[in-house]
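Topology and contacts: notes
One-letter residues, chain by chain:
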Amino acid sequence: MAAPILVIVAHPDLAGASRVHKRWVEELARHADEFEVRDLYALYPGGTLDEVAVATERAALEEHGTVVFQFPVYWYSAPALLRTWTDEVYGFGWAYGGETAAPGEPGRALAGKHFAVAMSAGDIEANYCAEGTVGFTPSEVIVPFRATANYVGATCEPEPFALFGTENGLTDEELERSAAAYVSWLRGLPRG
């Protein structure tokens, strides 16, 4: 059996104010044989990663072929800890810097992995287009994740899994449908 999909969750208040991501994580927990969840804000409440934390995160990435970054969109980006995590974990000589190395060798540890993004947005979907108030599509919003994947020799889903309108009266039924759709989407991802 293939390794579970690694889901890196970055929500500053997953146990409290989060309705969407909390529900998604609950759904993933029902399928623990398929998905391994790492809640960054629970693991690193101080917002920093020391050498041991970096080694732990790298080991988790090395064990999984498919990695999903799950977060609420904050000003068209990810929450701060996910950026800190990336800066610390994707170090020179581990994630990049060995352009001639084969996958798995120093400097290319992420080569051949498959990345994807699952995001929620408070704004409505109609605004995520060239003519909308955001002016960009969800695929364009996640370009930094796609570019990073390219740089480290991984691939990334061009379209994120997205739930819109989370601050505009999202019903319980819509939330439940999104949790089921999320699991279905995850199951359809290529295994890196």
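**Brief notes about the overall build of the protein chain**
Within the protein chain, the regular secondary structure consists of seven helices and six strands. Overall, the protein chain shows an N-to-C arrangement of helices and strands of β-α-β-α-α-β-α-β-α-α-β-β-α. Whereas a compact globule of 192 residues would reach a radius of gyration of roughly 16 Å, the protein chain reaches 16 Å, a difference of no more than 12%. The dimensions of the protein chain, computed from C-alpha atoms along their principal axes, are 50 × 35 × 35 Å. Relative to its 192 residues, the protein chain shows a buried fraction of 49%.

**Examining helix α3 (residues 51-63)**
Every α-helical turn comprises 3.6 residues, leaving residues that sit three or four positions apart pointing alike. If you check α3, its first and last C-alpha atoms are 19 Å apart, about what 13 residues at 1.5 Å a residue would give, namely 18 Å. Along α3, the residues classified as buried are A53, V54, E57, A60 and L61. Down the axis of α3, the buried side of the element spans an arc of 125 degrees, and every buried residue falls inside it. Of the exposed residues in α3, the ones pointing more than 90 degrees away from its buried face are E51, V52 and E63. On its buried face, α3 sits against β1 (5-9), β2 (35-39), α2 (40-43), β3 (66-72) and α4 (80-89).

**Looking at the environment of A149**
Here A149 is to be found in helix α6 (residues 143-151). We classify A149 as buried; its relative accessible area is 0%. Each C-alpha atom of the pair A149 and L110 lies 8.3 Å from the other, and the pair is 39 residues apart in sequence. Contacts of A149, omitting those with residues within four sequence positions, involve F115, A154, T155 and C156.

**Notes on the packing of aromatic side chains**
The final tally for this structure, using the stated rule, is 15 aromatic pairs. Seen from their ring centres, Y96 and Y151 are 5.7 Å apart, and the 50 degrees between their planes marks the pair as tilted. Of this pair, Y96 sits in the loop between α4 and β4 (114-120) while Y151 is found in helix α6, placing the two residues 55 residues apart along the sequence. Classification of Y151 by relative accessible area gives exposed; the value is 53%.

**Points about the pattern of salt bridges**
Inspection of every chain in the model, using the stated rule, returns seven salt bridges. The shortest N-O distance in the salt bridge between R187 and E34 comes to 2.8 Å. Pair noted here: R187 is in helix α7 (residues 172-187) and E34 is in the loop between α1 (20-29) and β2, with a separation of 153 residues, a long-range link. In this structure R187 comes out as partly exposed when scored by relative accessible area, which is 43%. Here the salt bridges do not stand alone but share partners, grouping R23, E27, R30 and E176 into one network.

Cut-offs used in this document
- Residues numbered from 1 in each chain as written.
- Predicted model: local features only at pLDDT ≥ 70, side-chain atom pairs only at ≥ 80, totals over all residues.
- Heavy atoms only, no water.
- Helix = DSSP H or I, 4+ residues; strand = E, 2+ residues; numbered from the N terminus.
- Rg over C-alpha atoms; globule rule 2.2 N^0.38 Å.
- Buried < 20%, exposed > 50% of the residue type's maximum accessible area, 1.4 Å probe, protein only.
- Expected span 1.5 Å × (residues − 1).
- Arc of directions from axis to C-beta.
- Contact = heavy atoms within 4.5 Å.
- Phe/Tyr/Trp six-rings, centres within 6.5 Å; stacked < 30°, edge-to-face > 60°.
- Salt bridge = Lys/Arg side-chain N within 4 Å of Asp/Glu carboxyl O.

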